[in-house]
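Residue-level structural notes
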Amino acid sequence: MRFYIQLGIGICSLFLIGTGCTNQSGPMKPPVSQQEVQKEVKEKAEKEKLPKSAPSLQSVYLNQQEKAEVEDIKKQPIVYKGSQHSKKVALTFDDGPDVELTNKILAILKKEQVPATFFVTGIMVKEYPEMLKKIYEHGHVIGNHTWSHPQLTKLSTSKLDQEMDQTNQLVEKLLGKKMRLMRPPYGATNSQVQQQLKKKGFTIVNWDVDTNDWRGYSGPKIEGIVKSQLANGSIILQHNSGNTLQGTVDALPNIIKYLKAQKYQLVTVDQLLDMPPYQEKTK
Ligand code: NI
């Protein structure tokens, strides 16, 4: 709510300069009253079956310039980041869910009340279905990271279909949600893979900030990478499964505090791109 009010004032100040917008009217006016915001969150919570405090239900507002830019970004074969015109960033975690690291990361995100996007593999979801549910119930968004983490450019069409479909079907069985966002293992695609994924309704999401956390980097090293590569609209790549990720856990609270101090809003990838988080359900 605080965000909307601050932004509402900011946007109207902008409009006031050029178009004479007032606080009462304007082409892009977000809800400004507490009741309106509460109503919107309640409706979204009921639709997504999430607790009303879920961080991904927070209000995210894109102005016309940002919307126009993300529409262009979504037309590209691969998304690397969101609009450069707003201070929004997305934390993303790949390769899970496991138990130990995922629990630690969820606890940090909950304490800081910020959402993230988790790109999961089918193999890990099959092993830890309760952890997938926990991520979702904490209000984070789930994306598809294939079933077994292969390099997609080396697969036949039917094998690629299988990697994506099996994972989507399992997650849909567990959550009732059909994933729309996907991240190719190693970020590797070619035009054929891109076309096939697009045909299946997926948005390919890579990143512009690569923490390389899987290399076993320390917390301070990872923080330094984020600070040096960060820009408006950044999508930050981290991992939540593997045995070299203590640095990820150590860095995360400091990264979030830094982003907040720099006035970035932390959002999920779908929010960054102004799109629904999941595909329409299979009838
Ligand atoms: Ni991966």
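Residues numbered from 1 in each chain as written. Predicted model: local features only at pLDDT ≥ 70, side-chain atom pairs only at ≥ 80, totals over all residues. Heavy atoms only, no water.

Looking only at helices and strands, one finds 11 helices and 10 strands in the chain. Put simply, the chain has 283 residues, and 52% of those count as buried. Put simply, of all contacts in the chain between residues at least 6 apart along the chain, 76% involve residues at least 24 apart. Of the roughly 13500 Å² that the chain leaves accessible, carbon and sulfur atoms contribute 51%. (Helix = DSSP H or I, 4+ residues; strand = E, 2+ residues; numbered from the N terminus. Buried < 20%, exposed > 50% of the residue type's maximum accessible area, 1.4 Å probe, protein only. Contact = heavy atoms within 4.5 Å. Areas by Shrake-Rupley, 256 points an atom, 1.4 Å probe, with all protein chains shown as cover.)

For the nickel ion, the full set of protein donor atoms is Asp95 (OD), His145 (NE2) and His149 (NE2), at a range of 2.0 to 2.1 Å. Between consecutive donor residues of the nickel ion, the sequence gaps follow D-x49-H-x3-H. Residue classification places His145 among the buried positions, given a relative accessible area of 1%. Classification of His149 as partly exposed rests on a relative accessible area of 21%. (Donors = N, O, S within 2.8 Å, 3.2 Å for Na, K, Ca; no water.)

Moving on: the layout of surface pockets. Empty space within the second largest pocket amounts to approximately 900 Å³. Going through the elements one at a time, α2 (34–48), α6 (129–137), α7 (157–175), α11 (269–272) and β10 (278–279) are the ones with two or more residues in the lining of the second largest pocket. (1 Å grid on protein atoms, 1.4 Å probe; cavity = no way out; pocket = protein on both sides within 12 Å on 5 of 7 lines; lining within 4 Å. Points joined across faces, edges and corners; volume = space filled by probe spheres on them.)

For the rest of this paragraph, the subject is the packing of helix α4 (residues 100–112) against α6. How two helices pack is summed up by the angle between their axes together with the distance between the axes. It is the contact of α4 with α6, at a shortest axis distance of 11 Å, that shows an interaxial angle of 10 degrees. When the axis of α4 is compared with that of α6, the two are roughly parallel. Each of Thr102, Asn103 and Leu106 in α4 lies in contact with α6, whose residues at this interface are Met131, Lys134 and Ile135. Tallied by class, the residues present in the contact of α4 with α6 amount to 3 nonpolar, 2 polar and 1 charged. (Axes fitted to C-alpha atoms, helices over the stretch in contact; angles between N-to-C directions. Parallel < 35°, antiparallel > 145°, perpendicular 65-115°, else oblique. Nonpolar A, V, L, I, M, F, W, Y, C, P; charged D, E, K, R; others polar.)

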